[in-house]
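Reading the structure
Here are the chains, one letter per residue:
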Amino acid sequence: MKLEKCPCCLGEAELAELAVGNSEMWQVTCTSCGLSSELDDDKVFSAERWNKRLERSRLKMWVTLLAAFIPFLVVSAFLAGSFLGLRL
Ligand SMILES: [Zn+2]
């Protein structure tokens, strides 16, 4: 299973097996900044959850970009309107 890059620094992530008491737990950790996922006893689930973090951070980035872009669009439309002599 492929691990996506770290959502924080885009560093390489690795899946580590940890022994907690008598059970094996899995944790994904970034090799660059040390960001880690929560411990889970399911290896695949750990990896999936890690990968979703990057998706979410990408989504957040797009929402932020869009939110920054909307006022720009409004201002542009207003200026274009003024320039063309239109009154809203
Ligand atoms: Zn990182």
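Residues numbered from 1 in each chain as written. Predicted model: local features only at pLDDT ≥ 70, side-chain atom pairs only at ≥ 80, totals over all residues. Heavy atoms only, no water.

Some thoughts on the pattern of salt bridges
Scanning all chains against the criterion turns up 3 salt bridges. Note that Lys2 is salt-bridged to Glu4, the shortest N-O span being 3.9 Å. What makes Glu4 partly exposed here is its relative accessible area of 27%. (Salt bridge = Lys/Arg side-chain N within 4 Å of Asp/Glu carboxyl O. Buried < 20%, exposed > 50% of the residue type's maximum accessible area, 1.4 Å probe, protein only.)

Focus: the coordination of the zinc ion
Of the protein atoms, only Cys6 (SG), Cys9 (SG), Cys30 (SG) and Cys33 (SG) coordinate the zinc ion, at distances of 2.2 to 2.4 Å. What the 4 donor atoms of the zinc ion show is an angle range of 101 to 114° at the metal, which sorts the shape as tetrahedral. Mapped onto the polypeptide sequence, the residues donating to the zinc ion form the spacing pattern C-x2-C-x20-C-x2-C. Note that Cys6 is positioned in the segment before strand 1 (13-20) and Cys33 in the loop between strand 2 (23-30) and helix 1 (43-83), a separation of 27 residues in sequence. (Donors = N, O, S within 2.8 Å, 3.2 Å for Na, K, Ca; no water. Tetrahedral: all angles 85-135°; square planar, octahedral: opposite > 155°, others 65-115°. Helix = DSSP H or I, 4+ residues; strand = E, 2+ residues; numbered from the N terminus.)

A look at the confidence of the model for the chain
Across the chain, the average pLDDT comes to 91, with 97% of residues at or above 70. Mean pLDDT across the elements of the chain ranges from a minimum in helix 1, with 92, to a maximum in strand 2, with 95. (pLDDT = per-residue confidence, 0-100.)

Some remarks on unusual backbone geometry
Even without a glycine there, the phi angle at Leu10 is positive, about 60°. Residue position: Leu10 is located in the segment before strand 1.

Describing the pairing of strand 2
In this sheet, strand 2 lies alongside strand 1 in antiparallel orientation, the contact comprising 8 bridges. Looking at strand 2, one finds that Glu14 is bridged to Thr29. Between strand 1 and the antiparallel strand that follows it, strand 2, lie 2 residues; Gly21 among them carries a positive phi value of about 65°. (Pairing = 2+ DSSP bridges.)

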